[in-house]
Amino acid sequence: MIENNELILLRPSKDLENQIMEYKRDFMQYNEKIGKVKNNINGSCSLHNFNFDEWLDRVNICASDENLSPYGTIASTFVAVRKSDNKIIGTIQVRHTLTEELRDDGGNIGYAVRPDERKKGYATKMLNLALEFCRSLGLYKVLIDCDKTNIASAKTMIKCGAIFDRELNIPQSDGGVETLHQYWIYL
Ligand SMILES: CC(C)(COP(=O)(O)OP(=O)(O)OC[C@H]1O[C@@H](n2cnc3c(N)ncnc32)[C@H](O)[C@@H]1OP(=O)(O)O)[C@@H](O)C(=O)NCCC(=O)NCCS
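In this text the structure is predicted, and so the values were computed from the model without any measurement.

About the cut-offs
Residues numbered from 1 in each chain as written. Predicted model: local features only at pLDDT ≥ 70, side-chain atom pairs only at ≥ 80, totals over all residues. Pairing = 2+ DSSP bridges. Helix = DSSP H or I, 4+ residues; strand = E, 2+ residues; numbered from the N terminus. Axes fitted to C-alpha atoms, helices over the stretch in contact; angles between N-to-C directions. Contact = placed C-beta atoms within 7 Å. Near = placed C-beta within 6 Å. Nonpolar A, V, L, I, M, F, W, Y, C, P; charged D, E, K, R; others polar. Expected span 1.5 Å × (residues − 1). Buried ≥ 20, exposed ≤ 12 C-beta atoms within 10 Å, placed from the backbone.

### Things to note about the sheet that holds strand 10 (residues 177-186)
Sheets are built from strands that pair by backbone hydrogen bonding, the pairs being arranged parallel or antiparallel.
At step 1: Spatially, 3 strands are ordered 8-10-9 in an open sheet, and the strand pairing comes out antiparallel. Two strands lie at the open edges of the sheet, namely strand 8 (141-147) and strand 9 (163-171), each paired on one side alone. Averaged over neighbouring strand pairs, the angle between their axes works out to 25° when direction is ignored.
At step 2: Across 8 bridges, the pairing between strand 9 and strand 10 is antiparallel. Looking across to strand 10, one finds that Pro171 is bridged to Val177.

### Thoughts on the sheet that holds strand 5 (residues 75-82)
At step 1: With antiparallel pairing, 5 strands are arranged side by side in an open sheet as 1-2-5-6-7. Unpaired on one side and paired on the other, strand 1 (2-3) and strand 7 (109-113) mark the two borders of the sheet.
At step 2: Summarising the sheet, strand 5 and strand 6 (residues 88-95) pair through 7 bridges and their orientation is antiparallel. Each residue of the ladder has a partner; that of Ser76, found in strand 6, is Val94.
At step 3: Together, strand 1, strand 2 (7-10), strand 5, strand 6 and strand 7 form the strand contacts of helix 4 (residues 122-137), whose direction differs from that of strand 6 by roughly 35°.

### Here's the deal with the site of the ligand
At step 1: Within the structure, the ligand sits among 21 residues, and Arg118, Ala123, Cys146, Ala152 and Lys155 are positioned closest to it.
At step 2: Element by element, the count of residues in the shell around the ligand is highest for helix 5 (residues 151-159), at 6 residues.
At step 3: Partitioning the shell around the ligand into residue classes produces 9 nonpolar, 7 polar and 5 charged.

### Digging into helix 4
At step 1: With 16 residues, helix 4 extends 23 Å from end C-alpha to end C-alpha; this agrees with the ideal 22 Å at 1.5 Å per step.
At step 2: Residues Tyr122, Ala123, Lys125, Met126, Leu127, Ala130, Leu131 and Cys134 constitute the buried set of helix 4.
At step 3: Count one or two residues on from helix 4 and you reach Gly138, which has phi positive near 90°.

So, in structure tokens, the structure goes:
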């Protein structure tokens, strides 16, 4: 069990369908743009792109078969559930190894907190729990990146011990560039 006194990280399952779809609806209504990316639910294994059953299959494949995983490595996706009322507060995903692609864009960990529960310390708590999971995998450092303008994400990881590594420009399909900041957390 990956948990603290307030939150528990659970692997998605069919019995969480209603809560997960409600979580997705909240994000879709919020219509968020992070850097150049619109309506993404970070750390969710692309919940925004699939219906529930397709998504659950995808989550399970990513967690079990690196050859079929679109990340090119095993990826463990968790929902963070608040113990007091069983509300899903966020999503967080751990990519177990760094492929060349993830080294340049994506890193080991992605996360999001639902819009109505932000600025309450939940992302920091979720990330600390995910770091415990990373330790249990035997990882000794993890890479996390965020758009240069994503102050909330940078602050979250810095609170969990992240050290700035480098800035890099990722060419986009529309001809523009996204500027990423990459950080390491030593476990
Ligand atoms: C990034 C995100 C996960 C932060 O979640 P959160 O639960 O609000 O974060 P926390 O409450 O743990 O706050 C962590 C730190 O960030 C700060 N912070 C949070 N939101 C902020 C904002 N909009 N602007 C500036 N600082 C912010 C907090 O004040 C806190 O710092 P402090 O303790 O020094 O005051 C959330 O904003 C989110 O889901 N964003 C969209 C998805 C995303 O960007 N994911 C990361 C992709 S790399």
